[in-house]
Amino acid sequence: MKGKMRLVAAIICLCLAAGGVILAATVLNKNITASTENYDGEISTFESSFEGETYYTGDKKGTITEKNASGEVIRSAKLFENEIVQKINVISADRILVCGSGKGVKLVDADLNPIASLNLPGIFITSSYYNDGGAEKFWFGVSSNANYTDLYLFSYVLNGDKFEKIAGGEFCEAVGEEGEEEIKEIDLITRNVTISADGKSLFVFGKKGVVYRVSSDITLLTGGVEELKRFHTGRYSAPDEIYTVVYDESDELFYYALRSGDLVKMNCDFECETLLKFSDVVASIRYDKNNKKIYVPFSLVDDISVVDAKSGRIDYTFKGQHDVSYVFPYEKGGKLFVVYTDEDVSRTVWYSLSDVRFYGVVSSLKIADYVLTGILFVAAALLFAAFFSPEAGNKIGGGIKWFARNLWKGKYIYLVMLPSLALLMTFCYYPAIASIINAFYDYSAGSAKVFVGINNFVEIVHDPYFGEMVRNMFIFMTSDCLLALCPPIFFAFCLSIMRNKKLSRFMRFALFFPGILPGIATSLLWKNGIYGEYGVINALLKAFGAEPIAFLGSAQTSVGSLIFMGFPWVGSYLIFYGALMNVPPEIYESAELEGCKLWRRLVSIDLPFIMGQIKYVFIITFIHSVQSLGKLQATTKGGVGTMTPMYKLYMYLNNNEYGMASAMAVMMMLVLSVVTAINMRNKMKSEASYA
């Protein structure tokens, strides 16, 4: 009966696991594909109509087009001859403000027929609109140069079919002590100029992270110092450059992204809250006012995240493509438009909003499905083993019970160890795993990852310095290990047989003192004070009439000079000396009675007793030698025939070639892993023999 229950349970687990595999391969493996529409020109901007039933596109040929949910063109109008349609601001059912990339501004009706036009004295940056009891007011921010390093504010009112200027001037502020203020022009690369919901304040966002709140009465800007002081009503400095800004009039909240990747919410009193911190550069966020969602694309990676503005949580993230300029969600048509710009050429695609939302849900279920499927497969395998072999089943059951019982007994110990394990996973294992993954990508900071397979490893092997790197690695590794063992053991042995205690204490101090000096200082001392042109060795050579030697400047002498650095290599003598002090004196007494000589004692007694310390020093020295960087950085910088894998890795990092650096790190890790595995195997054998 028990065997039948195991068989039934195994079949159920296997069927459930198979279902998990099918689920992962079908429903949960849904790919989001991009669709394209035909456009006459490159799309420069999107905007919804007033009711949201249709949407508008602006292109780089100066044309605005209205389309329906099916993507069919309803109407189109060419508004600018030599300008890009930079911004479309739908201000009412029959008012659409269209701004060009240069001086042109057009106000059109719902049929895209011009109502009024305006030429601004500069390059257009941004605009804002407010209906003040029937009076239609407009504010514009323009720059006088192509670098956008100054800002001129203008205010206009619509009078019939004409824009009438109210005021305008360069954005300035008053600086200086009370009574001695003077007007200062502000170097301001603007990101956004927005009128507040009550129409009393303008918010000016500068790229450099400064936000100004000023009066909407622009006439104060063009007055004297006293009026300018009343014009500025508030100022805030963000912790980093501001990349993109959106405004929710209903909640009177701004959402903006910083260069650091922070997504920030700010009210009109400059009270800020960081909603999220992204690790990548945010492109141009888009705010869906109806659903209170923030669409966050990234410039350098393929992800597009959708954030709930109220909670600050990511609803879902899906894979698109990198080089995103901006996104536009069109709810009526169920489309998410994405504009990509590569080498100044833009292309537009769209994704199904239902697909990306479904993807956001299932992507969070994928991991759970994989884990649960794996557990079910393991459970099925164990139950089948228990069914076909009752003895194996008893062992498996006993093993599980033993594990659970011991886990419960030591629950407090494991709970105490849990934080350390979490930190170890975060700061040790995660970087190592990430490095292994990055080794298969062409990856540089500030650009997207591109999968290249084993190309990074192939490129390293074909590097003209590869042979030199491998040769030097083994030369330095062999010499470092020998010099870390032989001289220290010899000095420790001499100290252990020294009878004069005062002299022994002095020698221990003299040998230990160089070890407290910083390694980089020691390297510089050898480079300049001993090997340098005016160093000790060359000074002696000159005194005897010989030519000075470029110890670290010649391929013939550089490697040997680096090996000789650190003479007389006392290093870890203290470890061996401490171990020798723990050898039982009775053994030495017996050896003396047997007539054992000192050298025979060293070989037959001392070395076997300190073999554990020898293995430890060997492994540590081996790893340190392969990973050594400071000596080369302080002396030859990898030149004159001294290049090593570690220094090449350092060069890759400095050149922003993280994929190559990761590949080199993986190759070095494999070398170190082999030696460590051999050492662990020998250690286990040794422990088994003692047992």
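Up top is the structure these notes are about.
Given the structure is predicted, the values throughout are model-derived calculations rather than measurements. (Residues numbered from 1 in each chain as written. Predicted model: local features only at pLDDT ≥ 70, side-chain atom pairs only at ≥ 80, totals over all residues. Heavy atoms only, no water.)

1. A closer look at the overall build of the chain
- Each helix and strand counted, the chain has 18 helices and 32 strands in total.
- C-alpha extents for the chain along the principal axes are approximately 120 × 95 × 50 Å.
- Among the 691 residues that make up the chain, the fraction classed as buried is 42%.
- Taking contacts inside the chain between residues at least 6 apart in sequence as the whole, the part at least 24 apart equals 47%.
- When the accessible area of the chain is evaluated, it comes to approximately 37,300 Å², of which 60% is carbon and sulfur surface.
- Taking the average place of the 64 positive charges on the side chains of the chain and the average place of its 70 negative ones, the gap between the two points comes to 14 Å. (Helix = DSSP H or I, 4+ residues; strand = E, 2+ residues; numbered from the N terminus. Buried < 20%, exposed > 50% of the residue type's maximum accessible area, 1.4 Å probe, protein only. Contact = heavy atoms within 4.5 Å. Areas by Shrake-Rupley, 256 points an atom, 1.4 Å probe, with all protein chains shown as cover. Lys, Arg positive; Asp, Glu negative; His and termini not counted. Charge placed at Lys NZ, Arg CZ, Asp CG, Glu CD.)

2. A few points about the packing of helix 12 (residues 573–581) against helix 15 (residues 611–627)
- The contact between helix 12 and helix 15 brings their axes to 10 Å, and the two run at 165°. Here helix 15 runs roughly antiparallel to helix 12, going by the angle between their axes. Every pair of crossing elements has a handedness; the one defined by helix 12 and helix 15 is right-handed. Across the interface between the two elements, I575, F576 and A579 from helix 12 touch Q613, I614, Y616 and V617 from helix 15.
- Here the contact of helix 12 with helix 15 is built from residues that sort into six nonpolar, one polar and no charged. (Axes fitted to C-alpha atoms, helices over the stretch in contact; angles between N-to-C directions. Parallel < 35°, antiparallel > 145°, perpendicular 65-115°, else oblique. Left-handed = near helix turned anticlockwise from the far one by under 90°. Nonpolar A, V, L, I, M, F, W, Y, C, P; charged D, E, K, R; others polar.)

3. A short note on the packing of helix 7 (residues 466–497) against helix 15
- Interhelical geometry of helix 7 versus helix 15 gives an angle of 145° and a closest axis separation of 9 Å. By crossing handedness, the relation of helix 7 to helix 15 is classed as right-handed. Side by side, helix 7 and helix 15 meet where M473, F476, M477, D480, C481, A484, L485 and I489 of the first sit next to I614, V617, F618, T621, F622, S625 and V626 of the second.

4. Concerning the sheet that holds strand 4 (residues 63–67)
- Reading across the sheet, the four strands line up as 2-3-4-5 and stay open at both edges, with antiparallel pairing between neighbours. This sheet does not close on itself; its edge strands, each paired only once, are strand 2 (43–48) and strand 5 (73–78). Direction aside, the axes of adjacent strands within the sheet are offset by 20° on average.
- Relative to strand 4, strand 3 (residues 55–59) is paired through four bridges, and the arrangement is antiparallel. Bridge pairing links Y55 to K67 in strand 4. (Pairing = 2+ DSSP bridges.)

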